[in-house]
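Okay, here's what each chain looks like letter by letter:
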Amino acid sequence: MTFIPDLADRRFGTGLSPRVAPPGDVAAVLNRLAGPDHMASRFPIVSTQEIAPKVADLRALQRARAESDAAEEAYRAVRREMEAVRHASFRAHLARGIETPDGFRERLTHFWADHFTVRARNGLMRHYVTPYVEETIRPRVAGRFADMLRAAILHPMMLLYLDQVQSVGPNSPVARDGRGLNENLAREVLELHTLGVDGPYGQQDVRQLAELFTGLSWVIDRGFWFRPRYAEPGAETVLGVTYGPEVSLGAIESVLDDLAAHPATALHLATKLAVHFVSDAPPVGLIDVMTAAYLASDGALMAVYDAMLRHPAAWTRGIEDGPGVAKVMQPFHFIQSA
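Everything numeric here is computed off the predicted structure, so don't read it as measured data.

Novice: In this structure, what is going on with the overall build of the protein chain? I would like to understand it.
Specialist: Scanning the protein chain for helices and strands turns up 16 helices and 4 strands. Expected size for 338 residues packed as a compact globule is a radius of gyration near 20 Å; at 22 Å, the protein chain falls within 12% of this value. Counting only C-alpha atoms and orienting by the principal axes, one finds that the protein chain spans roughly 60 × 55 × 35 Å. The buried share of the protein chain, reckoned over its 338 residues, is 49%. For the protein chain, the share of sequence-separated contacts (at least 6 apart) that also reach a separation of at least 24 residues comes to 69%. When the accessible area of the protein chain is evaluated, it comes to approximately 15,400 Å², of which 54% is carbon and sulfur surface. Of the side-chain charges in the protein chain, 35 are positive and 40 negative, and the distance between the mean point of each set is 5 Å.

Right, here's the structure in full:
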């Protein structure tokens, strides 16, 4: 392996800087990532807990605005305040990549935020997207995948984005016409977040996992909430493992941990990281060593990154030295680099 400092900052960071020297070796890249998150402290982003009261105010005023001019004026004032917060968060997000000596952390935050992608379904919920990434993804990019998986799946934005808050166990005490089981979250967890689209699961696993997820909910004035009366009664079996005897938050955490530890998850994540950072068609040898590192370390992401960065394929020169190689910067990263 031949480590190339300038390529490290371009391929695995946010670009070369006249103020920050590129890392000298793989250990330097990983040591920066393992150390304190200085950019998060320097350019803070609002949290879900901080933003929730304002979102509640905005929702209440949205309902009352037709009743009086005063409510309409108050609604517009809070909306302007919220937009200012969103713009400040975007500026902080951009500034982190520009100022950081730890570009790999910024790139990994983008990668995992895309892996666990969410999207606001209405104007109110868009204020939660950036805090979601800040709380669930960024603090865990150097940790265990299982911990990130738990945090992302149980976050309000994920529950809202995939309609989990509307899912009700078909045999639960509150089941009634017009409300039933929603498989969106279960399908995405298996197909996108863990095992992969070609993973060893079937429709019955999706159904059973969806029933296991019933009870997961969130309300704006209470936060995360596990509702036993909405949960499907009895145990559920996913990939041959039975979780129960009743649906509970503990059973849900157990199935997520087991999915995180599955060999198919290791292969899926290793392949996705290699494609994102190294090549659209990464060599099998690179994926093999990354998969092995994941399984040997109980899903420790630092071990996977180490395996990727120490493989010769990571340091094959790319499009920056001429045409013919497929990897280029995404627009946001191009702006940060510029």
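Alright, that's what it looks like, and here's the rest.
Novice: Explain helix H13 (residues 263–277) here, please?
Specialist: In a regular helix each residue adds 1.5 Å, so 15 residues correspond to 21 Å; H13 covers 21 Å between its end C-alpha atoms and thus fits that length. Within H13, burial applies to Ala264, Thr265, Ala266, His268, Leu269, Ala270, Leu273, Ala274, His276 and Phe277.

Novice: Sorry, what's going on with the side chain of Asp9 here?
Specialist: Of note, Asp9 is situated in helix H1 (residues 5–11). Setting aside residues no more than four positions away along its own chain, Asp9 makes contact with Thr14, Gly15, Leu16, Pro22 and Pro23.

Novice: I would appreciate a short explanation of the pattern of salt bridges in the present structure.
Specialist: Opposite charge on two side chains permits pairing when their charged atoms draw close. The final tally for this structure, using the stated rule, is 21 salt bridges. Ionic pairing is found between Arg19 and Glu99, a salt bridge with its closest N-O pair at 3.3 Å. One end of the pair, Arg19, is in the loop between H1 and helix H2 (26–34); the other, Glu99, is in helix H5 (residues 69–99), with 80 residues separating them in the sequence. The residue Asp257 makes a salt bridge to Arg150 at a minimum N-O spacing of 2.6 Å. Remark: Arg150 occurs in helix H8 (residues 145–153) and Asp257 occurs in helix H12 (residues 249–261); sequence separation between them is 107 residues. Judged by its relative accessible area of 28%, Arg150 falls in the partly exposed class. Overlapping salt bridges, with partners in common, bring together Asp37, Asp102, Arg105, Glu106 and Arg138 in one network.

Novice: What exactly am I supposed to notice about the environment of Phe145 here?
Specialist: Tracing the chain through its elements places Phe145 in helix H8. With sequence-adjacent residues up to four places away left out, Phe145 is seen in contact with Trp112, His115, Phe116, His193, Thr194, Ala260, Thr265, Leu269, Tyr294, Gly299 and Leu301.

Novice: For this particular structure, what's the right way to read the side chain of His311?
Specialist: Here His311 is to be found in the loop between helix H15 (301–309) and helix H16 (331–337). Using a relative accessible area of 18% as the deciding quantity, one classes His311 as buried.

Novice: What exactly am I supposed to notice about the packing of aromatic side chains here?
Specialist: To describe a pair of aromatic rings, you give the distance between the ring centres and the angle between the ring planes. Enumeration over the complete set of coordinates arrives at 13 aromatic pairs. Ring centres 5.6 Å apart and planes at 70° place the aromatic pair Phe104 and Phe277 in the edge-to-face group. Here Phe104 is found in helix H6 (residues 103–115), whereas its partner Phe277 is found in helix H13, with 173 residues between them in sequence. Among the residues examined, Phe104 registers a relative accessible area of 3% and is labelled buried.

Novice: Is there a simple way to explain the packing of H13 against helix H14 (residues 284–296) in this structure?
Specialist: A packed helix pair is summarised by two numbers, namely the angle formed by the two axes and the spacing between the axes. Direction vectors running N to C along H13 and H14 enclose 130°, while the axes themselves pass 8 Å from each other. One finds that H13 runs oblique with respect to H14. Between H13 and H14 lies a crossing of right-handed hand. Contact residues: H13 offers Pro263, Thr265, Ala266, Leu267, Leu269, Ala270, Thr271, Leu273 and Ala274, while H14 offers Leu286, Ile287, Met290, Thr291, Tyr294 and Leu295.

How each quantity is defined
Residues numbered from 1 in each chain as written. Predicted model: local features only at pLDDT ≥ 70, side-chain atom pairs only at ≥ 80, totals over all residues. Heavy atoms only, no water. Helix = DSSP H or I, 4+ residues; strand = E, 2+ residues; numbered from the N terminus. Rg over C-alpha atoms; globule rule 2.2 N^0.38 Å. Buried < 20%, exposed > 50% of the residue type's maximum accessible area, 1.4 Å probe, protein only. Contact = heavy atoms within 4.5 Å. Areas by Shrake-Rupley, 256 points an atom, 1.4 Å probe, with all protein chains shown as cover. Lys, Arg positive; Asp, Glu negative; His and termini not counted. Charge placed at Lys NZ, Arg CZ, Asp CG, Glu CD. Expected span 1.5 Å × (residues − 1). Salt bridge = Lys/Arg side-chain N within 4 Å of Asp/Glu carboxyl O. Phe/Tyr/Trp six-rings, centres within 6.5 Å; stacked < 30°, edge-to-face > 60°. Axes fitted to C-alpha atoms, helices over the stretch in contact; angles between N-to-C directions. Parallel < 35°, antiparallel > 145°, perpendicular 65-115°, else oblique. Left-handed = near helix turned anticlockwise from the far one by under 90°.

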